[in-house]
Amino acid sequence: MSSESERTRRDFLKAGAGALTTLTFITRPERVFGANDRVRVGICGLHGRGKDHVDAFGRLRNVEIAALCDVDESVLNRRRGEVAGRPRTFVDVRTLLDDPSIDAISIATPDHWHALMAIWACQAGKDVYVEKPCSHNLWEGRQLVRAAHKYKRIVQHGTQSRSAPAMIEAIRHLQSGTLGEIYLARGLCFKHRDTIGRTPVEAVPNGVDYDLWTGPAPLKPFSRNRFHYNWHWLWDTGSGDLGNQGIHQADVARWGLGVTFPSRVSATGGHFMFNDDQETPNVLNCTFTFEEPGGRSKMMEFEVRHWLSNDEAGLRRGVFHGRNVIGTLFYGSKGYLAAGSEDAFRYESWLGAKQAAGPHGKSGHDHFANFVNCVRTRNAADLRAPIEEGHVSCALVHLANVSYQLGRTLRFDPATERVIDDEEANRLLAGGDRGYRAPFVIPDNV
């Protein structure tokens, strides 16, 4: 990010959130792991996806789940009963990070906490597995990358497709020429999501630290739609289904195309059918253009829709079988390939004018194991989804959401990570009017 961008963000934060607060954590010398040493992990955010983290780390023999952290004591106590041994429990992540015996944390909190918690962990000398999307806006994603570099931490992004052998094989076919020149990818995120309705303001449930739950976001009156899961559909805390489910498919699409940041982004959509508390669009259509050397370009299309009204022209069969249609299509000069992940990671391809069956495959993934192995070896180059890649893929989400909110196409400069000649867009990509609530502030200088 340019010095001008940093100054703009700093001035905005001072005006909107008061003075920055510097937190100091206890650190310890870098640990050297022996053959029988276990990585001591603290899991932060235990509702929903956090349960998957508990299960995944619990299956790894070289891991000890040493700590659990959640602002909802009912969830915290329930998960503690599901973990072998006696993990310490925390409500405030800052207290957990002060424990020098913790080697790494995994973050499965709401989106608005991801980058800040990960940056704090890096500053405290912890390695980090952070769920997607790694950031709530573009600026804080860049700050997280800087923190990982500055403190030399292992930081894995939760886009687990990158650790699935079937997906790795599919990308190899795309990039080796099996399907010829790949010029277009199309991501699909069609999910059966009903209306969230409207929920009234009410008292904060017993055992919930709602101030901590809110963290960096504005503190607003409690309602059920601002809490467990439905926070995804509010701008203060979530990023819609493009950042929730769609980030997986956007990441695969970018990976297969072999591109980084786009040069042009356009998104249109709206909130259709339902009259409820949702703020993010339940229909979103996005187009990304990526400039290539020599004046050539590649394209990505992405569609989000919160319901399936029919069989989607047969998409729910084959690779996209299941209740939802979630996946990525790649189009090349010699054929096309479909990659999905509804119940497993799988791909199929079709070649030539007669669409003859081409390469195909199916697998699981070892994303958590890959992270733990890199923590032990200290070799960040072996991460399958390093935070640098996570940040670039999340940039697609943030750019599309800002294009939708402003109702116009954005021209983006990948070198500076800024929108060209559009300061309103750049302000939104740095958090906009939401700002950061002290002391839960992303630091200017990580």
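A.B. asks: Tell me about the pattern of salt bridges, and name the residues and values.
C.D. replies: Applying the stated criterion to the full structure yields 32 salt bridges. A salt bridge links Glu-64 to Arg-40; the nearest nitrogen and oxygen atoms lie 3.1 Å apart. Placement of Glu-64 in strand S2 (residues 63-69) and of Arg-40 in strand S1 (residues 39-44) is noted, with a sequence separation of 24 residues between them. Asp-211 is the partner of Arg-437 in a salt bridge, and the nearest nitrogen-oxygen pair spans 2.8 Å. With Arg-437 in the segment after helix H13 (423-428) and Asp-211 in helix H8 (residues 210-214), this pair connects stretches of sequence that are 226 residues apart. Within the structure, one salt-bridge network assembled from shared partners comprises Glu-30, Asp-127, Arg-153 and Arg-378.

A.B. asks: A description of the confidence of the model for the protein chain should follow, citing residues and the corresponding values.
C.D. replies: Mean pLDDT for the protein chain: 92, with 91% of residues reaching 70 or above. Every residue in residues 1-8 scores below 50 in pLDDT, and together they form 10 contacts with partners more than four places removed in sequence or on other chains. Low pLDDT (under 50) marks residues 10-22, which in the prediction has 17 contacts with non-local residues, meaning those over four places away or in another chain.

A.B. asks: Any chance you could break down the environment of Asp-37 for me, citing the residues and the numbers?
C.D. replies: With respect to the helices and strands, the residue Asp-37 is situated in the loop between helix H1 (3-17) and S1. Distance from Asp-37 to Leu-144, taken between C-alpha atoms, is 28 Å for residues 107 residues apart in sequence. Those residues within four positions of Asp-37 in sequence are excluded, and the remaining contacts are Arg-31, Val-32, Asn-62 and Arg-376. Polar contacts involving the side chain of Asp-37 include one to the main-chain amide nitrogen of Gly-34, which spans 2.7 Å.

A.B. asks: So what about the sheet that holds strand S6 (residues 155-157)? Which residues, and what values?
C.D. replies: Judged by pairing direction, the sheet is parallel, and its six strands sit side by side in the order S3-S2-S1-S4-S5-S6 without closing on themselves. With one partner strand each, in any of the chains shown, strand S3 (88-90) and S6 form the two edges of the open sheet. Direction aside, the axes of adjacent strands within the sheet are offset by 20° on average. Direction of pairing for strand S5 (residues 127-130) relative to S6: parallel, over a ladder of three bridges. Bridge pairing in S6 places Val-128 opposite Val-155. With respect to the sheet, helix H3 (residues 73-80) is in contact with S2 and S3, its orientation differing from that of S2 by roughly 160°.

A.B. asks: Which residues make up the packing of helix H2 (residues 49-58) against helix H11 (residues 367-377), and what values do they have?
C.D. replies: Interhelical geometry of H2 versus H11 gives an angle of 60° and a closest axis separation of 10 Å. Our pair here, H2 against H11, has a crossing hand that is right-handed. Residues Arg-49, His-53, Ala-56 and Phe-57 of H2 form the contact with H11, whose own contacting residues are Phe-368, Phe-371 and Val-372. Here the residues of the contact of H2 with H11 are counted per class, giving five nonpolar, one polar and one charged.

A.B. asks: Can you tell me about the side chain of Thr-109, naming the residues and giving the values?
C.D. replies: Along the polypeptide, Thr-109 turns up in the loop between strand S4 (104-107) and helix H5 (111-123). In this structure, Thr-109 is in contact with Cys-44, Gly-45, His-114, Met-117 and Trp-231, ignoring residues within four places of it in sequence.

A.B. asks: So, the nonpolar core: which residues are in play, and what are the values?
C.D. replies: Membership of the largest hydrophobic core comes to 93 residues, with the highest contact counts inside it found for Leu-96, Ile-105, Val-128 and Phe-288. When residues in this core are grouped by element, the largest group, 10 residues, is from helix H12 (residues 387-406). Contacts of Phe-288, omitting those with residues within four sequence positions, involve Pro-262, Arg-264, Val-265, Lys-298, Met-299, Met-300, Phe-302, Leu-396 and Ala-400. Core analysis: the next-biggest nonpolar cluster, separate from the first, contains 25 residues, Ala-56, Phe-57, Leu-68 and Phe-371 among them.

A.B. asks: How would you summarise the state of the cysteines if you had to cite specific residues and measurements?
C.D. replies: Enumeration over the complete set of coordinates arrives at zero disulfides. The thiol of Cys-44 is not disulfide-bonded; the next cysteine sulfur, from Cys-69, is found 4.8 Å away.

A.B. asks: Lay out the pairing of strand S11 (residues 325-332) with the relevant residues and their values.
C.D. replies: Within S11, seven of the eight residues are buried, which leaves the element mostly enclosed by the surrounding structure. Pairing analysis gives eight bridges linking strand S7 (residues 182-190) to S11, with the strands arranged antiparallel. In the strand pairing of S11, Ala-185 is matched with Phe-330. What sits between S11 and strand S12 (residues 335-340) in their antiparallel hairpin is a turn of two residues.

A.B. asks: Before we move on, could you go through unusual backbone geometry and cite the residues and values that matter?
C.D. replies: Here the residue pair Lys-132 and Pro-133 is connected by a cis peptide bond, since its omega of -20° sits within 30 degrees of zero. Tracing the backbone through its elements, the reader meets Pro-133 in the loop between S5 and helix H6 (138-150). The omega torsion of the bond from Ala-438 to Pro-439 falls at 5°, within 30 degrees of zero and hence cis. The topology assignment puts Pro-439 in the segment after H13. Residues other than glycine seldom take positive phi values, yet Gln-355 does so here, at roughly 55°. Residue placement: Gln-355 occurs in the loop between strand S13 (345-351) and strand S14 (356-357).

A.B. asks: I'd love a proper account of the packing of aromatic side chains, names of residues and values included.
C.D. replies: Scanning the model with the defined rule gives 16 aromatic pairs in all. Between Trp-113 and Phe-440, the ring centres sit 5.5 Å apart and the planes meet at 75°, which makes this aromatic pair edge-to-face. In this pair, Trp-113 is assigned in helix H5 and Phe-440 in the segment after H13, connecting sequence segments 327 residues apart. Relative accessible area serves as the criterion here: at 2%, Phe-440 is assigned to the buried category. Ring pairs connect the aromatic residues Phe-57, Tyr-129, Phe-368 and Phe-371, which therefore count as one cluster. Stacked on the ring of Tyr-436, the Lys or Arg Arg-434 has its end atom at 5.1 Å from the ring centre.

A.B. asks: How would you summarise the environment of Arg-61 if you had to cite specific residues and measurements?
C.D. replies: Within the secondary structure, Arg-61 sits in the loop between H2 and S2. Residue classification places Arg-61 among the exposed positions, given a relative accessible area of 82%. With 308 residues separating them in the primary sequence, Arg-61 and Ala-369 have C-alpha atoms 9.8 Å apart.

Each value, and the rule that gives it
Residues numbered from 1 in each chain as written. Predicted model: local features only at pLDDT ≥ 70, side-chain atom pairs only at ≥ 80, totals over all residues. Heavy atoms only, no water. Salt bridge = Lys/Arg side-chain N within 4 Å of Asp/Glu carboxyl O. Helix = DSSP H or I, 4+ residues; strand = E, 2+ residues; numbered from the N terminus. pLDDT = per-residue confidence, 0-100. Contact = heavy atoms within 4.5 Å. Polar contact = N/O pair within 3.5 Å; in protein donor to acceptor, adjacent residues only side chain to side chain. Pairing = 2+ DSSP bridges. Axes fitted to C-alpha atoms, helices over the stretch in contact; angles between N-to-C directions. Left-handed = near helix turned anticlockwise from the far one by under 90°. Nonpolar A, V, L, I, M, F, W, Y, C, P; charged D, E, K, R; others polar. Core = buried A, V, L, I, M, F, W, Y, C linked by side-chain atoms within 4.5 Å. Buried < 20%, exposed > 50% of the residue type's maximum accessible area, 1.4 Å probe, protein only. Disulfide = S-S within 2.5 Å. Phe/Tyr/Trp six-rings, centres within 6.5 Å; stacked < 30°, edge-to-face > 60°. Lys NZ or Arg CZ within 6 Å of the ring centre and 35° of its normal.

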